[in-house]
Every structure is written in structure tokens, then in C-alpha cells.
Amino acid sequence: MINSKQRSKLRSLAHHLKPLVNIGKSGITEGVVASIDEALDSHELIKVKFIQNKEMRHEFKTEVEKLLSASVIGNIGNTIILFRQHEDVDKRKYNI
């Protein structure tokens, strides 16, 4: 589990990142979940932007934590910041 100090540090590191996954009118599909999973495997810290279906943000947060074992670091407008630390210690980009 990530504490508030770690969450704050990760939010500051994510500030300059651009969203890697955009969620449009199709909403949260299996393809979107697979894209987020791949992005988390390679980047660990990503942003997901809701272009349409913005009201789905709240449902999305709980689904991501369950399905992908990722932590929701923050929510800025229609953008959500996600973090999942890599299992392999040598491949980790962020040591928190």
C-alpha cells in the first residue's frame, strides 16, 4: 500500500507525463484494460484520460484497483494517474 508521502512524490513525477491511454465513447472495454495493463508493465506510472463518458471515472477507479492491482495516485480533472510497481526489482523505474 502506498502512503501519502509516496503518493505525493509519484504525483510530482507524473506531472510532466502525457496520457498514454484515452478512453472515448466506447467506455471501459477489455481492450482498454489490456492497454492499461501493458502500459503499467512498461512504464509503471501512467496517466489515463477520459475524453467522453467522464462520469465513468469513479467506477473506473475501483475496477482498476481490482483487475490490475494498480494504485490510483491522483485525479486531476478528467485524468487519472495510475501506478503499479514492476515485480522484477531490476526493471523498476521508481523506487518508493
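The structure under discussion appears in the preceding block.
Below: a short report on this structure. (Residues numbered from 1 in each chain as written. Predicted model: local features only at pLDDT ≥ 70, side-chain atom pairs only at ≥ 80, totals over all residues. Heavy atoms only, no water.)

This next bit is on the side chain of Arg57. Within the secondary structure layout, Arg57 lies in helix H3 (residues 57-67). Arg57 sits in the buried class, given a relative accessible area of 16%. (Helix = DSSP H or I, 4+ residues; strand = E, 2+ residues; numbered from the N terminus. Buried < 20%, exposed > 50% of the residue type's maximum accessible area, 1.4 Å probe, protein only.)

Turning our attention to the pairing of strand S4 (residues 79-83). With five of five residues buried, S4 lies mostly within the body of the structure. Going residue by residue along S4, you find Thr79, Ile81 and Phe83 tucked away on one face and Ile80 and Leu82 tucked away on the opposite face as well. Where strand S2 (residues 45-50) meets S4, five bridges bridge the pair, whose relative direction is antiparallel. Paired with Ile46 across the strands is Leu82, a residue of S4. From the end of strand S3 (residues 71-76) to the start of S4, which pair antiparallel, there are two residues, and Gly77 there has a positive phi angle of about 60 degrees. (Pairing = 2+ DSSP bridges.)

With respect to the secondary-structure elements, Arg84 resides in the segment after S4. Separated by 2.7 Å, the side chains of Arg84 and Asp37 make a polar contact. A polar contact is formed between the side chain of Arg84 and the backbone oxygen of Leu68, at a distance of 2.8 Å. (Polar contact = N/O pair within 3.5 Å; in protein donor to acceptor, adjacent residues only side chain to side chain.)

The next point concerns the packing of aromatic side chains. Counted by the stated rule, this structure contains two aromatic pairs. Considering the side-chain rings of Phe50 and Phe60, the 5.3 Å spacing of their centres and the 80 degrees angle between planes classify their relative orientation as edge-to-face. Here Phe60 lies in helix H3 and Phe50 lies in strand S2, a separation of 10 residues in the sequence. Each member of the pair Phe50 and Phe60 is classed as buried. (Phe/Tyr/Trp six-rings, centres within 6.5 Å; stacked < 30°, edge-to-face > 60°.)

A word on the nonpolar core. One finds Ile36, Leu40, Ile46, Val48, Phe60 and Leu82 to be the most contacted residues of the largest nonpolar core, which totals 17 residues. Counting residues per element, the ones that place at least two in this core are strand S1 (21-23), helix H2 (30-43), S2, H3 and S4. Looking at this core element by element, the count peaks at four residues for H2. In this structure, Ile2, Ala14, Ile73 and Ile81 belong to the second largest nonpolar core, which totals eight residues. (Core = buried A, V, L, I, M, F, W, Y, C linked by side-chain atoms within 4.5 Å.)

Further remarks concern empty space enclosed by the protein. One pass over the full model with this rule turns up one cavity of 30 Å³ or more. When its volume is computed, the largest cavity comes out at roughly 40 Å³. In terms of lining residues, the largest cavity is bounded by Ile28, Val33, Ile36, Phe60, Glu63, Val64, Leu67 and Leu68. Elements with a minimum of two residues in the lining of the largest cavity: H2 and H3. Looking at which element gives the most residues to the lining of the largest cavity, the answer is H3, with four residues. (1 Å grid on protein atoms, 1.4 Å probe; cavity = no way out; pocket = protein on both sides within 12 Å on 5 of 7 lines; lining within 4 Å. Points joined across faces, edges and corners; volume = space filled by probe spheres on them.)

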